[in-house]
Amino acid sequence: MPTIDVDGKRYEVRDGTNVLHACLSHGLNLPYFCWHPALGSVGACRQCAVIQYRDADDTQGRLTMACMTPVADGARFSIEAPHASEFRASVIEWLMLNHPHDCPVCEEGGECHLQDMTEMSGHTSRRYRGRKRTFENQYLGPFINHEMNRCITCYRCTRFYEEHAGGTDLQAFGSRDRVYFGRFEPGPLESEFAGNLVEVCPTGVFTDRTLSASYTRKWDLQSAPSICAGCGVGCNTLPGERYGKLKRVHNRYHSEVNGYFLCDRGRFGAGYVNGDARLRHAGRRAGDETFDALPVDDAVAALAALLAGTELVGIGSPRSSLEDNFMLRQLVGAQAFSTGLPATHARTTATALALLAQGTVPAATLTELEAADAVLILGEDLSNTAPRTALAVRQASRTRTFELAASVQVPHWQDAGVRRHAQEQRSPVLRVTPAATRLDDICAATLDRPPASIARIGSAIAHALDPGRPAPGTLDEEEQAFVRAAAAALMEAERPVIVSGEGCQRDDVLRAAASVAEALAPRTEARLLFALERCNSAGVGLLGGGLGLAEALARAAAGATLIVLGNDLFRQAPPEAVRAALAGAASVVAIDEVETATVAAAQLVLPMASSVEATGTFVNSEGRAQRFFEVFEPEAPIRPAWRWFSDAARAAGRNDLVVAHHDALLEALEEAVPALSGVVAAAPGAGHRAAAGLKIPRQPHRYSGRTAMYADRTLHEPKTPEDPESPFSFSMEGASDDAPGALLAGVWAPGWNSNNALTRFQEEVAGHLRGGPAGVRLLRASGTAADGAGDDTPSASPPSASVDDGLLLVPLHDVFSSDELAARTDAIRDRAAPLRLGLHPDDAQALGLNEGMTVACEGAFAPFHLGLRLDARQARGTLTYVHGAPGMPPPGAGRATLRPVGAATPPPGGGYTVLARG
């Protein structure tokens, strides 16, 4: 490795990096603004100036920008040289000429990179007395506040938004010295990654609008490591709490999963925790269809009484933790437990897990996906089902760009040089889905086909790569052209990744994707990536159960006692079957975070802790078990579902099911379910201690006002809560030095108060955390085909049918509408897609329907009326709808017919109100 000299000290550095990267990796204090580890170097701010010396005899040196200077063995630099220090101080003074100096009222205060760098550069007094330029701020939607007067023109925002995330509606506008970063007109930022501007901006130009509504200074936020519950990617997050309310969610760096960025659903979708729909009381149904509030002991006794009665049936949930699902499974028995996945999702989840665990191709991490040199997407609209995966695909399209730059010795971090040399050349990304996607701008080839055709096209690509694999049915000319293009691109690749998922609700699409990857595996480093719908779909899939959802509902309808964990059954199954189960069950117990139609129909309702109020485990789409920790104690009687079950078992005399500690629960889980062996190692247990035997603090070193928080109620500071079930303390006392990556509860270092302090916790910039990556991978390719799951026999061609006989219902996910919990957050609801039905213009013409017409949609589901949207980039013969929106058809609804009607009526399944009285 090269060695460089900085201010008389020698440091080993990684070849191919720049001096700023090297200095930050070694913990040196060197100011910067425009540089970002995920965006590269452009040298726009001139703040990272150092002196570079020619040789040992050179005492004067020359000024150079560290972010634009490659490391070289034996090179000598100085950060502390007077000329470099004076230059950096003058640069920060120029940048601050027009800044309003409004730190006391700025929402970035206390976590501001500009504050840190200003002090680090020695600019502590203001000399400029002239008139400052001013700008008019814009409304940028429900997520982001805009204050352009604080801008220092570092270009980080547009570089991330346009070049990294592919957004098109935020640009730099300017003339002379007036540069404006905003939209061409006020309006919501369209990208699903707009919220990252809050962390990317080094000043307070873009701030969190949802935090503004109930503002708290950043040093007063209590945090703990958590996992996003918005989809199956498993992004690592840092939720912040104050006064018992969730205030915000920030990105928590994970080198193999989400890296530096989150999607807006993950960042802003947890607001339901504070919302009006939140269940905050235990209740028992009264005779007048309202609920009587129950104290905790009475609620536990009521649940215990039901355990000793009739046959029990338990329905779990892919949005609840492994621990909660496992305890319900133990309570009712494995043969009476359903994972809560509808038949279509149960089948696709089982297929995906079998292919990853028993197939020949490993699951791809997002880091491996970003480095892919060819990507094939089969059936999945990633921007809406797994947005962080879509962002990784966008980076993969630049692999060719970096390869071309490397061929002419342009380093990968030299952003402008890399882009200029490659021009518009990209690595091939090819997609075939039922409709257009937001990744189409980077795709080399696209095709719109119904799910059955997608499976046949995938099998055709596998056959083209390996003629020994079964040949598909007949393809039309457009499909054949796509197959040829995809096969050619994949054959040239060294690190191809095949992406699919549950979006089409077809397991044959997943098998076709695996077949393509296996055909590539002998000569490439092929990888598979499956996007599973829910945060713990893989977890409940590995946990398993003896009942399918339909069979569980049938048993309930026959008179069993039904216990439903974190699942609105009306979203998962035909409403007639759900109503029959709820009416026929001896009793219905609903344990949930929010009010749902299922909760409204239950006899006993128990409030469940959310993922920021409990400690638990999710398993993401690649089979990585990751732990989330309780950020704050919820108000009683809200508690983890597994604790409701354990306490009820004790009250019912079933002492074999009593679990008093989270660590003991995990050990029992591992012992009972071999498929989840290793889950204990996802994070250290409650006995872990940091330096000097101390717990890790949830509160930052600068936490303030703990006594004043309760001054309206008492003059005495209440006792700090104890947490015997995790390595964390509910205080600022403790030590976090060298914490394992899974326990990193925040980043802070002397002089580095913003999230840019992260470099102090990485082995090197953009590398692993010093404590290692969080989580443990449970699934490893075994090299043998999975039973049944590896069958890549092509699907038969779908039978031809007139549109008069019905249209194939195809769900289209929406990043802001399709998640049950996030959609209950006000800011997310403001960005939800309008509820419309999608139809190809040719089908509309055949049916005599027009754009915007209100139609009645009828089939094996509750009928509803909606407006019609015509889309030429949609597969013919399909009718698309927003998956997961209230009243929309459940998975596997089949076909539907349309007829024009006079006026629109909202779909059924809207808001529900559970009244708690007492």
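Structure first, text after, so check above.
Chemist: Give a description of the overall build of the protein that names residues and reports values.
Modeler: The number of helices and strands found in the protein is 26 helices and 37 strands. Against the globule reference of 29 Å for 918 residues, the protein gives a C-alpha radius of gyration of 28 Å, in line with a compact fold. For the protein, the spread of C-alpha atoms along the three principal axes comes to 90 × 75 × 55 Å. When contacts within the protein are restricted to residue pairs at least 6 apart in sequence, long-range pairs at least 24 apart make up 73% of them. Per element, the accessible surface of the protein, about 34000 Å² overall, is 50% carbon and sulfur. For the protein, the centre of its 86 positive side-chain charges and the centre of its 107 negative side-chain charges are spaced 4 Å apart.

Chemist: Explain the sheet that holds strand 5 (residues 76-78) to me, using residue names and the numbers behind them.
Modeler: With respect to topology, five strands assemble into an open sheet ordered 2-1-5-3-4, the strand pairing being mixed. Looking at the sheet topology across the chains shown, the edges are occupied by strand 2 (9-12) and strand 4 (62-65). On average, each strand axis in the sheet is inclined to that of its neighbour by 40 degrees, with strand direction left out of account. Here strand 1 (residues 3-6) pairs with strand 2 via four bridges, running antiparallel.

Chemist: Summarise the pattern of salt bridges; cite the residues concerned and give the values.
Modeler: Counted by the stated rule, this structure contains 51 salt bridges. Across the pair Arg278 and Glu613 runs a salt bridge, and its minimum N-O distance is 2.6 Å. Pair noted here: Arg278 is in the loop between helix 7 (264-268) and strand 14 (282-285) and Glu613 is in the loop between strand 25 (604-607) and strand 26 (616-619), with a separation of 335 residues, a long-range link. Connected through shared salt-bridge partners, Arg319, Arg571, Asp592, Glu593 and Glu820 make up one network.

Chemist: Report on the environment of Leu849, specifying residues and quantitative values.
Modeler: Looking at the secondary structure, you find Leu849 in the loop between helix 26 (841-847) and strand 33 (854-859). On the basis of relative accessibility, which here comes to 4%, the residue Leu849 falls in the buried class. On a C-alpha basis, the gap between Leu849 and Arg899 in space is 8.2 Å, while along the polypeptide they are 50 residues apart. Excluding its chain neighbours within four sequence positions, the residues that come into contact with Leu849 are Leu839, Ala844, Val855, Leu868, Leu898 and Pro900.

Chemist: Can you lay out the side chain of Ser397 for me, pointing to particular residues and giving the numbers?
Modeler: Tracing the backbone through its elements, the reader meets Ser397 in the loop between helix 13 (387-396) and helix 14 (399-407). If sequence neighbours within four positions are ignored, Ser397 has contacts with Arg426, Ser427, Val429 and Ile442.

Chemist: Requested: an account of the packing of aromatic side chains, with residues and values cited.
Modeler: For the coordinates displayed, the defined rule picks out 13 aromatic pairs. With centroids separated by 5.3 Å and ring planes inclined at 85 degrees, the aromatic side chains of Tyr32 and Trp35 adopt a geometry described as edge-to-face. According to the relative accessible area criterion, Tyr32 is buried, its value standing at 1%. Among the residues examined, Trp35 registers a relative accessible area of 3% and is labelled buried.

Chemist: Quick one: what's the story with the nonpolar core, residue by residue and with numbers?
Modeler: With 88 residues, the main nonpolar core has Leu376, Ile461 and Phe482 as its most contacted residues. Here this core gets eight residues from one element, more than from any other, and that element is helix 18 (residues 507-520). Beyond its immediate stretch of four places on either side in the chain, Leu376 contacts Leu430, Ile461, Phe482, Ala486, Leu490, Val497, Ile498, Val499 and Val516. The next biggest cluster of nonpolar side chains, apart from the first, holds 76 residues, and it includes Val71, Ile152, Ala165 and Ala194.

Chemist: Break down helix 3 (residues 113-120) for me, citing the residues and quoting the values.
Modeler: Here helix 3 has its buried residues at His113, Leu114, Asp116, Met117 and Thr118. Close packing links the buried residues of helix 3 with helix 2 (82-95).

Chemist: Got a sec to walk through the sheet that holds strand 22 (residues 527-531)? Specific residues and values, please.
Modeler: The pairing of strands in a sheet comes from backbone hydrogen bonds and takes either a parallel or an antiparallel form. Here five strands make up an open sheet; going across it, the order is 20-19-18-21-22 and the pairing parallel. A single partner strand is all that each edge strand has here, and the edge strands are strand 20 (445-448) and strand 22. Here the average twist between neighbouring strands, direction ignored, is 10 degrees. Sheet topology note: the strand 21 (residues 496-501)/strand 22 ladder contains five bridges and is parallel. What sits directly across from Val497, in strand 22, is Arg527.

Rules and cut-offs
- Residues numbered from 1 in each chain as written.
- Predicted model: local features only at pLDDT ≥ 70, side-chain atom pairs only at ≥ 80, totals over all residues.
- Heavy atoms only, no water.
- Helix = DSSP H or I, 4+ residues; strand = E, 2+ residues; numbered from the N terminus.
- Rg over C-alpha atoms; globule rule 2.2 N^0.38 Å.
- Contact = heavy atoms within 4.5 Å.
- Areas by Shrake-Rupley, 256 points an atom, 1.4 Å probe, with all protein chains shown as cover.
- Lys, Arg positive; Asp, Glu negative; His and termini not counted.
- Charge placed at Lys NZ, Arg CZ, Asp CG, Glu CD.
- Pairing = 2+ DSSP bridges.
- Axes fitted to C-alpha atoms, helices over the stretch in contact; angles between N-to-C directions.
- Salt bridge = Lys/Arg side-chain N within 4 Å of Asp/Glu carboxyl O.
- Buried < 20%, exposed > 50% of the residue type's maximum accessible area, 1.4 Å probe, protein only.
- Phe/Tyr/Trp six-rings, centres within 6.5 Å; stacked < 30°, edge-to-face > 60°.
- Core = buried A, V, L, I, M, F, W, Y, C linked by side-chain atoms within 4.5 Å.

Keep in mind these numbers describe shape, not what the thing actually does.
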